[in-house]
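Now for the letters of each chain:
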Amino acid sequence: TVTLKDVTKVFRDGTVAVDSINLDVNDGEFMVLLGPSGCGKSTVLRMIAGLEEPTTGAVMLDGELANDLPPRDRKIAMVFQDFALYPHMTVGDNIAFPLRLAGIEPEPRGERVSDVASALGIGDVLARKPGQLSGGQRQRVAMGRAIVRRPGLFLMDEPLSNLDSGLRAELRAEISGLTRELGVTTVYVTHDQAEALTMADRVAIMRRGVLQDVGTPTQVYGRPATLYVAAFLGSPR
Ligand code: ATP
Ligand code: MG
């Protein structure tokens, strides 16, 4: 469980990026943070990851205050828009890398790599290097590498925004399918309404640092909390 209690982030130059947000993400839930550019989505995600500290308020992980817990002590994995793969390593070694760092023996390692790779549809390119893959395949490798250690919490920041729309639609279904299959709690950031409404168990909609509405796609679309949410989602009136 992730709990944000009155979380505010004010940057040194005075920018209020996040303003008193309260949000719960339940175990196994796929939560999408949705809002326009600059509304504070990445800042929220970075505070959950431990890459930024809240100015005030509490970030709790599984009921424990985590405000100053370093990222490596949180059981999280993160995928960004500009996923960086190791160009000199094969796909298989890229995915296995976190397991190797964790000191896992070659045999369970190989099996877990091939399980994750086949779930992501890249089981047949394990011996290639990233330079020999399509953009979509590279994104799948980045996801495989993030998820191979079975993190307790999976954080994704606009992971599909560099891909074309056909591929994006295909990967949406794959990502939500895979995280549900693994039962991993996920916070997924996007500015794309359709992406949010198709992937989420619940959607949290932000505007200028403030949380406007939280609910299932049906709830936020059908009964938007504010006029802003209605306009942003294009809800029928
Ligand atoms: P996008 O969709 O464009 O990625 P976002 O919703 O992720 O936007 P954030 O990156 O969280 O938005 O930024 C929220 C606000 O905080 C913006 O006004 C941004 O300019 C500001 N901001 C972000 N990082 C810093 C920083 N290190 N110092 C000062 N202001 C910052
Ligand atoms: Mg962002």
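Here the structure is a predicted model, which means the values were calculated and not measured.

Draft legend 1. Quick peek at the environment of Ala146. Topologically, Ala146 is positioned in helix 4 (residues 135-147). Taking the relative accessible area as the measure of exposure, Ala146 reaches 13% and is therefore buried. C-alpha separation for the pair Ala146 and Ile76, spaced 70 residues apart in sequence, amounts to 8.9 Å. Residue contacts for Ala146: discarding those within four places in its chain leaves Ala77, Met78, Val79, Pro151 and Phe154.

Draft legend 2. Focus on the sheet that holds strand 3 (residues 30-34). The strand order across the open sheet formed by six strands is 6-7-8-3-9-10, and the pairing between neighbours is mixed. Each of the sheet's edge strands pairs with one partner strand only, and the pair in question is strand 6 (76-79) and strand 10 (210-215). Neighbour-to-neighbour, the strand axes of the sheet open up by a mean angle of 15°, direction not taken into account. Direction of pairing for strand 7 (residues 153-157) relative to strand 8 (residues 185-190): parallel, over a ladder of five bridges. Paired with Met156 across the two strands is Tyr188, which belongs to strand 8. Each of strand 3, strand 6, strand 7, strand 8 and strand 9 (202-207) touches helix 1 (residues 41-49); the most contacted strand, strand 7, lies at about 150° to it. On top of the sheet, helix 5 (residues 165-182) reaches strand 3, strand 7 and strand 8; it is set at about 140° to strand 3, its chief contact.

Draft legend 3. Main features of the site of ligand 1. The environment of ligand 1 is made up of 13 residues, and the closest members are Ser37, Gly38, Lys41, Ser42 and Thr43. Here Ser37 contributes a side-chain N or O atom positioned 2.6 Å from an oxygen atom of ligand 1. Contact with the protein chains hides 60% of the accessible area of ligand 1, taken as 640 Å² for the molecule alone. If one sorts the elements of the shell around ligand 1 by residue count, helix 1 sits on top with three residues. Among the residues forming the shell around ligand 1, the class breakdown is four nonpolar, six polar and three charged.

Draft legend 4. Spotlight on helix 4. If you check helix 4, its first and last C-alpha atoms are 19 Å apart, about what 13 residues at 1.5 Å a residue would give, namely 18 Å. Burial analysis of helix 4 places 10 of its 13 residues in the buried class, the great majority of the element. Along helix 4, the positions that sit buried rather than exposed are Gly136, Gln139, Arg140, Val141, Ala142, Met143, Gly144, Arg145, Ala146 and Ile147. Where the residues of helix 4 are buried, they touch strand 6, helix 2 (91-101), helix 3 (106-119), strand 7 and helix 5.

Draft legend 5. Up close: the pattern of salt bridges. For the structure shown, the criterion picks out nine salt bridges. One continuous salt-bridge network, built from bridges that share partners, spans Arg168, Arg172, Asp192 and Glu195.

Draft legend 6. Just the layout of surface pockets, in detail. As a volume, the largest pocket reaches approximately 730 Å³. Every residue lining the largest pocket is counted, 24 residues in all, and those nearest its centre are Ile76, Ala77, Met78, Pro98 and Ala146. Where the lining of the largest pocket is concerned, the elements lending two or more residues are strand 6, helix 2 and helix 4. By residue class, the composition of the lining of the largest pocket is 17 nonpolar, no polar and seven charged. Taken as a whole, the second largest pocket holds about 300 Å³ of empty space. Around the second largest pocket, the lining comprises 17 residues; the ones closest to its centre are Thr1, Leu61, Asp62, Lys75 and Leu153. Of the residues assigned to the lining of the second largest pocket, the class counts are seven nonpolar, four polar and six charged.

So, how was this worked out
Residues numbered from 1 in each chain as written. Chains lettered and ligands numbered in written order. Predicted model: local features only at pLDDT ≥ 70, side-chain atom pairs only at ≥ 80, totals over all residues. Heavy atoms only, no water. Helix = DSSP H or I, 4+ residues; strand = E, 2+ residues; numbered from the N terminus. Buried < 20%, exposed > 50% of the residue type's maximum accessible area, 1.4 Å probe, protein only. Contact = heavy atoms within 4.5 Å. Pairing = 2+ DSSP bridges. Axes fitted to C-alpha atoms, helices over the stretch in contact; angles between N-to-C directions. Near = heavy atom within 4 Å. Polar contact = N/O pair within 3.5 Å; in protein donor to acceptor, adjacent residues only side chain to side chain. Areas by Shrake-Rupley, 256 points an atom, 1.4 Å probe, with all protein chains shown as cover. Nonpolar A, V, L, I, M, F, W, Y, C, P; charged D, E, K, R; others polar. Expected span 1.5 Å × (residues − 1). Salt bridge = Lys/Arg side-chain N within 4 Å of Asp/Glu carboxyl O. 1 Å grid on protein atoms, 1.4 Å probe; cavity = no way out; pocket = protein on both sides within 12 Å on 5 of 7 lines; lining within 4 Å. Points joined across faces, edges and corners; volume = space filled by probe spheres on them.

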